[in-house]
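Listed below are the residues making up each chain.
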Amino acid sequence: MSTNALLSLCGRKFSQKLGLHSLKTGLRVIRNQLENVKPFNKLKPSLKNLENFQQPLKYGFFIFSSCGVVLVKNSFALCEENRVKNRLAHYETLITSDDQLFDWKKLGELLAPDKWLLILAVACAIIVAIINIRIPLLIGELANIVSDYSGKRYIPGRFMERLKPPSFILLFLYCIQACFTTVYIATLAVVGEELATRMRQELFSSILKQDIAFFDTHKTGELINRLTTDVQDFKSAFKSCVSQGLKNVTQTAGCFVSLYMISPKMTALIGVILPAIIFAGSAIGTVLRVQSKKAHAQVEKSTSVADEAIGNIRTVRAFAMEEKEISLYNAELDKASVLNKQLGIGIGIFQGLSNLAINGIVLCVICVGGLLVQSQEISRGELLSFLVAAQTIQRSLGQLSLLLGHFVRGATAGNRVFEYIKLDPAVKLKGGITIPHHSLVTDIQFKDVTFSYPARPGHVVLKNFSLKIPPGKVVALCGISGSGKSTVATLLERFYDVKEGCITLDGHDIRTLDPSWLRGQVIGFISQEPVLFATSILENIRYGKPKASDKEVIEAAQMANAHDFIIAFPKGYATVLGERGVTISGGQKQRIAIARAFLKNPAILILDEATSALDAESEKIVQTALDKIVKGRTVLVIAHRLSTIQNADVIAVLADGIIAEMGTHEKLKIAKGLYWDLIKQQQTVEALKAKTPNKRQPPPTS
């Protein structure tokens, strides 16, 4: 294969790797993108002929054309990605607005406790920069001394006599520079870690304080990504930008002063070129910032995929979807990888162009400086000092161009963290009145409540719903799936606030009550699938009352019929459960949850289909425990199996968000309405199950 054909193939393959099918396609994309950018509007006539340059550009320009300028508007092939059927089909990643400015005020608040350490670090960095400004002048002085005593003019004693003072000063400055460098880097490391810790603490606190509607629209993986990756990115960018950025800016400014003192003419030459470089850098930085936001959002999306798959591993395994989940994660990860590669290529192009411009400045200095030496306007030592100072500026600007990438990533990550830190929940965790325990009657009323979930505002769940739950009584809600039963329970716990109507407790609108007091002391909740933590059984039960003694925990377990199976484990109450309690059976989890409720001793108890997922034997044991805990309390039961609510004081049958009928079990049976129909349906299902032989017995789970 000829060299021409090989390079053509490489160019085509490289272009295809970035989503462009040919170099010509890449050039066409560049033309289209540049026409949409205001500074290039005047170039439209020339841009029309851009495609004619395909052959000359094939050898060296194809990399730049395929990935550099394309970043201006991110015209990567992801925009034309194939639509695949998967569980992310309707996923929408929530990202910070591109127009949102970085919150410097919030950063200042987080840094305030360590302000003196930060000031010390900044002072040391400035001192190091000032020393670096002085060093080129001393080197020039040494060069002049060497030049004066070169050749026949060399006199050993006098040469060393003149050489020693600037040499010792230079050595002293190098030692001071090393000491202050150590101090500012170490101090910034401490400040950076403290800042990251504070950010994580505030972010985690803010997330946990958000209302339930927030978690309806935000995935766990997204939140964890902000707690880990985003904070880490910001911390790294903060330390590098403050230490290197401050030092390099100070060095650049100081060296310009030195340059002016040596030669105003050459300094003016550099001063003309640098603003153009800075302006171009700012424009590219804006583009890279947008690209960085997109890359972060895609990483967040891939993290969410992994989090869901791992968190629901039993479901994945049950449907043999391992390969599908791996493919889905790899696909999202590939998209994130491509976006980050584009960002990296953009940063690389910027740094390459910056180095080219900066090195060009040094070349100009050598040429112009040589002419000035010939005309004896400056000495050779001054030219050397000028070159060293110019190279210091070159290195500083080169470092600043490298820091641009860190700053873009850090600012993006910081904005994403601050976005959630500053987020105010619709339902505050604390604040409001409390009812003294001796005055608490637990008289509950729903009055003309109409409610839609914030995530689905167009779907009305409850319509003019009214219900009275008398103190000390058991009120059961039943109905077909989706009729609004569980919504009643979530509204009573004030997971959401109603927009129409009101819910009262002893005559007080629950929106005026302290939510933490209401949930922490008044209401107990046992759900169909209770969630346990990956800790010991003892601590899981104690979660209902953190200050309870071990004796109180064991007594609660005995009341919940859980003590016997707990002590049967080799480690008893010290047995550590798997994540979400997956290592024990459903009935055992329910009894631990009931023990937790016993320990909490709430005045109001909500049972949300607490036995619907259990087999007959487990249901009987759990129901016995539930019969104990409901005595003397106001109870709201969300029922699936109607056999469990026959003894309820009041049964309300829901249909389409309203109460279709209400009464006792016997009265509703006599009426032969919707409740009667539900009973008949369940009896038919149970009869069919009884006739169907159970060929497979599930293995024991504990």
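Residues numbered from 1 in each chain as written. Predicted model: local features only at pLDDT ≥ 70, side-chain atom pairs only at ≥ 80, totals over all residues. Heavy atoms only, no water.

An unreviewed UniProt entry lists the chain under the name Mitochondrial potassium channel ATP-binding subunit, with Strigamia maritima given as the organism. What the UniProt record of the chain gives under Sequence similarities (unreviewed entry) is the line "Belongs to the ABC transporter superfamily. ABCB family. Multidrug resistance exporter (TC 3.A.1.201) subfamily." Per UniProt, the comment on the chain under Subcellular location (unreviewed entry) is "Mitochondrion inner membrane". (UniProt positions renumbered as here; feature names shortened; annotations may be inferred.)

Here the focus is the confidence of the model for the chain. Low pLDDT means the predicted coordinates in that region are not meant to be read closely. Averaged over every residue, the pLDDT of the chain is 77; the share at 70 or more is 78%. Looking across the chain, the model is least confident in helix 5 (residues 62-68), with a mean pLDDT of 41, and most confident in strand 1 (residues 444-452), with 94. Predicted confidence is poor over residues 33-84, with pLDDT under 50, and the contacts of this stretch with residues over four places away or in other chains come to 80 contacts. Throughout residues 695-702 the model reports pLDDT below 50, and contacts reaching past four residues in sequence, or to other chains, amount to six contacts. (pLDDT = per-residue confidence, 0-100. Helix = DSSP H or I, 4+ residues; strand = E, 2+ residues; numbered from the N terminus. Contact = heavy atoms within 4.5 Å.)

Reading across the sheet, the six strands line up as 6-7-8-3-9-10 and stay open at both edges, with mixed pairing between neighbours. The open sheet has two edge strands, strand 6 (523-526) and strand 10 (658-663), and neither has a second partner. Going across the sheet, the axis of each strand differs from the next one's by a mean of 20 degrees, ignoring polarity. Of the strand pairs in this sheet, strand 3 (residues 474-479) and strand 9 (residues 650-655) are connected by five bridges, and their pairing is parallel. Opposite Gly479, over in strand 9, you have Leu654 as the bridge partner. (Pairing = 2+ DSSP bridges. Axes fitted to C-alpha atoms, helices over the stretch in contact; angles between N-to-C directions.)

Tallying each qualifying case throughout the model produces 15 salt bridges. Two residues, Glu193 and Lys235, come together in a salt bridge whose shortest N-O distance is 2.6 Å. In this pair, Glu193 is assigned in helix 8 (residues 156-208) and Lys235 in helix 10 (residues 220-262), connecting sequence segments 42 residues apart. Take Lys235: its relative accessible area is 9%, and that puts it in the buried class. For Lys335, the salt bridge is made with Glu332, and the minimal N-O distance between the two is 3.5 Å. (Salt bridge = Lys/Arg side-chain N within 4 Å of Asp/Glu carboxyl O. Buried < 20%, exposed > 50% of the residue type's maximum accessible area, 1.4 Å probe, protein only.)

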